[in-house]
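# Overview (structure and organization)
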Amino acid sequence: MPQQPVRIAPSILSADFAALGREIEAITEAGADWIHVDVMDNHFVPNLTIGPMVVKALRKHSKRPFDEAGADVISFHPEAGPHVHRTVQLIKSLGKKAGAVLNPATPLSAIEHVLGDLDLVLVMSVNPGFGGQAFIESQLAKIAALRQAIDALGKPIDLEVDGGVNAETAKRCIKAGADVLVAGTAVFGGGPEKYAANIKALRY
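Here goes a summary of the coordinates provided. From a predicted model like this one, the values you see are computed outputs, not experimental measurements.

### Focus: the packing of aromatic side chains
Evaluation of the coordinates by the stated rule reveals 1 aromatic pair. With a centroid separation of 5.2 Å and an interplanar angle of 75°, the aromatic rings of Phe188 and Tyr195 are classed as edge-to-face. For the pair Phe188 and Tyr195, one class covers both residues: buried. Here Arg59 stacks its cationic end above the ring of Phe66, 3.8 Å away from the centre of that ring.

### Let's talk about the pattern of salt bridges
Tallying each qualifying case throughout the model produces 9 salt bridges. Among the salt bridges present, the one from Asp158 reaches Arg7, with a minimum N-O distance of 2.8 Å. Separated by 151 residues along the polypeptide, Asp158 in strand β7 (residues 158-162) and Arg7 in strand β1 (residues 7-10) bring together distant segments of the chain. Each member of the pair Asp158 and Arg7 is classed as buried. The salt bridge involving Arg203 is made with Asp33; its shortest N-O contact spans 2.8 Å. You can see Arg203 sitting in helix α7 (residues 195-203) and its partner Asp33 sitting in the loop between α1 (20-29) and β2 (35-37), a full 170 residues away along the chain. On the accessibility criterion, Arg203 (22% relative accessible area) is partly exposed.

### As for the nonpolar core
Ile12, Ile111 and Ile143 are the most contacted members of the largest nonpolar core, which has 49 residues in total. Among residues more than four places away in sequence, those in contact with Ile143 are Val123, Leu159, Val161, Cys173, Ala176, Gly177 and Ala178. Counting 10 residues, the second largest nonpolar core, distinct from the first, contains Ala9, Trp34, Val73 and Met124.

### As for the environment of Ala26
Turning to its location among the elements, Ala26 is positioned in helix α1. In this view, Ala26 contacts Pro192 and Tyr195; residues no more than four positions away in its chain are not counted.

### Things to note about the packing of helix α5 (residues 167-176) against α7
The N-to-C vectors of α5 and α7 enclose an angle of 35°; their axes lie 7 Å apart at closest approach. Two secondary-structure elements touch here, α5 through Ala167, Ala170, Lys171 and Ile174 and α7 through Ala201, Leu202 and Arg203. Grouping the amino acids of the contact of α5 with α7 by side-chain chemistry returns 5 nonpolar, no polar and 2 charged.

The rules we used
Residues numbered from 1 in each chain as written. Predicted model: local features only at pLDDT ≥ 70, side-chain atom pairs only at ≥ 80, totals over all residues. Heavy atoms only, no water. Phe/Tyr/Trp six-rings, centres within 6.5 Å; stacked < 30°, edge-to-face > 60°. Buried < 20%, exposed > 50% of the residue type's maximum accessible area, 1.4 Å probe, protein only. Lys NZ or Arg CZ within 6 Å of the ring centre and 35° of its normal. Salt bridge = Lys/Arg side-chain N within 4 Å of Asp/Glu carboxyl O. Helix = DSSP H or I, 4+ residues; strand = E, 2+ residues; numbered from the N terminus. Core = buried A, V, L, I, M, F, W, Y, C linked by side-chain atoms within 4.5 Å. Contact = heavy atoms within 4.5 Å. Axes fitted to C-alpha atoms, helices over the stretch in contact; angles between N-to-C directions. Nonpolar A, V, L, I, M, F, W, Y, C, P; charged D, E, K, R; others polar.

This is the structure in structure tokens:
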């Protein structure tokens, strides 16, 4: 199966939290493919962000797929619970797509036996918890290995990268095999009038 087209998922972690509805409308109009919602609980990561009530309130501001713990695709960290397969089953029983998130030190073996059941794999190219971090180079090899494993299955599993994605690192991620790019600072920098150009810069 050929690699899917590159899609850009702006992370609203970098948006203006006092105007999230308008920010989501602006990035939708600017050409965002997905909306990436970072749900942090101050337990698994050292930060507290957005919860279900906020996601519900934001849903009306864009018809684009909501990605991460949110609406259309729900992704989880294998370390967050003891039963990875059961978590996938639960998400799918709710009519949503299921994704697994691999932290920089999490090996591919953590999801090896459920890869075929997933709709998405997200490679964290920074340690989760905060925006604006520098890209961890070692994750390019992980992206390439996942691309090979996904292609061997022949299933349309999205391969997403999150962390330190900018116009330069985006090209390297795409070359390694990623087809969904999450970017916060690189999209929201410069204000709404720059969003379309920022998104375009990540595609090529």
